[in-house]
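# Overview (structure and organization)
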Amino acid sequence: MQRPLAAPLLTLSALALTATALTACSGAAAAPEDTRAPTTPAGVTATAGSATTVHVMWTAATDDTAVTGYAVYRQGHKIKDLPAGTLMTDVTGLAPATPHTFTVRARDAAGNVSPDSAAVTATTPTASAEDRTAPTRPTALRVTPAGPDAAALTWRPARDDTRVTAYDVYQSGSRVHTVPGTATEARVTGLRPATAYSFTVRARDAAENSSPDSEAVPLTTPAVPGHRPATAPTGVTVRAAKGALTVTWTPPRTATPVKEHQLHLNGRFATTIVWGADPGPGPVGYTLTVPATPGVRYALTLRAKLPDGTWGDFSTPTTVVTV
């Protein structure tokens, strides 16, 4: 067995140089303290979705380093802390037939907090406990690009035995926006250029009855030359054992943690990998069961589900042969 090489001995001259370097480092000026607060969140809206819920949205704040999160306040009392990539939330458990006022603050890693946003008020409708009839589905949904990072939606109104209180916009099964029941249009922002999306709309009433989905309408956002953030998993490695492939990789960096990946073998979908909690920045791992047949070659690729609900780019194929 080969022995590890012994570490070289430092000469007195080398030790003196090391001590001098350490002394110089200790005397280096410390990085300036971050005392600048983020900007105030703008564009705050509040929409009553039912007798007990309000949907609050805002646009992203900016900071000289980075915004790390947002706090939502109701009547001046903090009710939610949210990560930086979250720009909307549902506030539940509210009193019916009551005005509720909301503000939002941004914070950074140094604990600096922005001023309060402009206050917005939404009045929840009167509860109707006996209402068990869902609204009809919205029809004639139309989706058009609004630049490379946004979409404009319009639809014909739904009907309800009481009244429609909100419309929820879904992108690939994930709710991304809510507008009042009197609206027949919405604008969805935060999309990626040159990316395919699919949108549906549901109507909701005061008793939280939701309509069936509207017809799904696809949209591909326009491309922006030279601008496409990397969304593929990186550092993919595969180790073959009898009847199993162990895969490790680093998820793409996004505004919020990536908790879901798809794994494909030889160009075909194999499985979806879902973490219930934040798996961390990586690397992460997964073991896939395969037939215990030696000499089989697999080309493996991964893609991540991004915060906007779309699937990101595939990783570079990684080839392995079973043993």
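Residues numbered from 1 in each chain as written. Predicted model: local features only at pLDDT ≥ 70, side-chain atom pairs only at ≥ 80, totals over all residues. Heavy atoms only, no water.

Let's shift gears to the overall build of the protein chain. Along the backbone of the protein chain there are 1 helix and 21 strands. With 323 residues in all, the protein chain has 38% of them scored as buried. Carbon and sulfur atoms provide 56% of the accessible area of the protein chain, an area that totals close to 17,600 Å². (Helix = DSSP H or I, 4+ residues; strand = E, 2+ residues; numbered from the N terminus. Buried < 20%, exposed > 50% of the residue type's maximum accessible area, 1.4 Å probe, protein only. Areas by Shrake-Rupley, 256 points an atom, 1.4 Å probe, with all protein chains shown as cover.)

This next bit is on the nonpolar core. V143, L153, W155, Y167, V169 and F199 are the most contacted members of the largest nonpolar core, which totals 21 residues. Contributing elements (two or more residues each) for this core: β8 (139–145), β9 (150–156), β10 (164–171), β11 (174–180), β12 (185–189), β13 (196–205) and β14 (217–220). A per-element tally of this core places β13 first, with 4 residues. Ignoring sequence-local partners within four residues, the contact set of V143 consists of A151, A152, L153, F199, V217 and L219. (Core = buried A, V, L, I, M, F, W, Y, C linked by side-chain atoms within 4.5 Å. Contact = heavy atoms within 4.5 Å.)

In this structure, the largest pocket encloses a volume near 1,500 Å³. Lining the largest pocket are 46 residues, and of these G85, L87, G190, P307 and D308 lie nearest its centre. The residue inventory of the lining of the largest pocket, partitioned by class, reads 20 nonpolar, 17 polar and 9 charged. Volume-wise, the second largest pocket comes out at about 370 Å³. Lining the second largest pocket are 16 residues, with P251, P252, R253, T254 and P281 sitting closest to its centre. (1 Å grid on protein atoms, 1.4 Å probe; cavity = no way out; pocket = protein on both sides within 12 Å on 5 of 7 lines; lining within 4 Å. Points joined across faces, edges and corners; volume = space filled by probe spheres on them. Nonpolar A, V, L, I, M, F, W, Y, C, P; charged D, E, K, R; others polar.)

What follows is about the packing of aromatic side chains. Here the structure, examined in full by the defined rule, presents 4 aromatic pairs. Taking the centre distance of 6.1 Å and the plane angle of 25° together, the rings of Y197 and F199 count as stacked. One exposure class covers both Y197 and F199, and it is buried. It is R105 that lies over the ring of Y73; its NZ or CZ is 4.3 Å from the centre. The side chain of R202 reaches across the aromatic face of Y170, ending 4.0 Å from its centre. (Phe/Tyr/Trp six-rings, centres within 6.5 Å; stacked < 30°, edge-to-face > 60°. Lys NZ or Arg CZ within 6 Å of the ring centre and 35° of its normal.)

With respect to topology, 4 strands assemble into an open sheet ordered β4-β3-β6-β7, the strand pairing being antiparallel. Two strands bound the open sheet, and with one partner strand each, they are β4 (77–83) and β7 (120–123). The mean inter-strand angle of the sheet, taken between neighbouring strand axes irrespective of direction, is 30°. Sheet topology places strand β3 (residues 67–74) next to β4; 6 bridges connect them, and they run antiparallel. Among the inter-strand pairings, R74 is bridged to a residue of β4, identified as H77. (Pairing = 2+ DSSP bridges. Axes fitted to C-alpha atoms, helices over the stretch in contact; angles between N-to-C directions.)

A few words on the sheet that holds β10. The sheet built from 4 strands is open, its strands ordered β11-β10-β13-β14 with antiparallel pairing. The sheet is open, and its two edges are formed by β11 and β14, each paired on a single side. Strand-to-strand, the axes of this sheet are offset by a mean angle of 30°, without reference to chain direction. In this sheet, β13 lies alongside β10 in antiparallel orientation, the contact comprising 7 bridges. Looking at β13, one finds that Y167 is bridged to A203.

Checked against the element boundaries, D278 lands in the loop between β18 (268–274) and β19 (284–289). Residues D278 and E260 lie 18 residues apart in sequence; the distance between their C-alpha atoms is 10.0 Å.

Counted according to the given criterion, the structure contains 8 salt bridges. A salt bridge links D81 to K78, with the shortest nitrogen-to-oxygen separation between them at 3.3 Å. Residue classification places D81 among the partly exposed residues on the basis of a relative accessible area of 46%. A salt bridge links E208 to R204; the nearest nitrogen and oxygen atoms lie 3.3 Å apart. The class of E208 is partly exposed, set by a relative accessible area of 35%. (Salt bridge = Lys/Arg side-chain N within 4 Å of Asp/Glu carboxyl O.)

This part takes up the environment of S174. Tracing the chain through its elements places S174 in strand β11. For the pair S174 and D308, spaced 134 residues apart in sequence, the C-alpha separation works out to 8.2 Å. Those residues within four positions of S174 in sequence are excluded, and the remaining contacts are V169 and K305.

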